[in-house]
Amino acid sequence: MTDHLTHIWRPIPGGRHAFRPSAIRINHDDQAESFCGTQVVAARLHDCTELDWILEPTCPTCWKILKGDS
């Protein structure tokens with residue numbers, strides 16, 4: 001993965017959240033934290049299906065933080 005990425009989006013149950021790129025490299029049993037503070041087991045950030053991307057809405061808080069509106 002390139003070093004210039006500042007965030008990645010991943011659909012998890014409850015929404016599509018933004019995470020730091022390092023979140024997909026941590027141990028699958030560890031907790032990853034999104035920009036809005038949502039915690040999820042890192043394993044949930046992998047193997048997302050197309051349907052997951054379609055069904056989960058974008059987290060408005062992550063969006064605002066990344067946009068600089070927070």
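An account of the accompanying structure is given in this report.

Here is what the cut-offs are and how they apply
- Residues numbered from 1 in each chain as written.
- Predicted model: local features only at pLDDT ≥ 70, side-chain atom pairs only at ≥ 80, totals over all residues.
- Heavy atoms only, no water.
- Helix = DSSP H or I, 4+ residues; strand = E, 2+ residues; numbered from the N terminus.
- Buried < 20%, exposed > 50% of the residue type's maximum accessible area, 1.4 Å probe, protein only.
- Disulfide = S-S within 2.5 Å.

## Structural notes on the environment of Leu55
Logical step 1: For Leu55, the position within the fold is in helix H1 (residues 50–55).
Logical step 2: A residue is classified by how much of its surface remains accessible, and Leu55, at 59% relative accessible area, is exposed.
Logical step 3: Sequence spacing of Leu55 and Ile12 is 43 residues, and the spatial spacing of their C-alpha atoms is 9.9 Å.

## A few points about the state of the cysteines
Logical step 1: Scanning the entire structure with this criterion turns up zero disulfides.
Logical step 2: Free of any disulfide, Cys62 has its nearest cysteine sulfur in Cys36, 3.7 Å distant.
Logical step 3: Among the residues examined, Cys62 registers a relative accessible area of 0% and is labelled buried.

As far as function goes, none of this settles anything; it's purely spatial.
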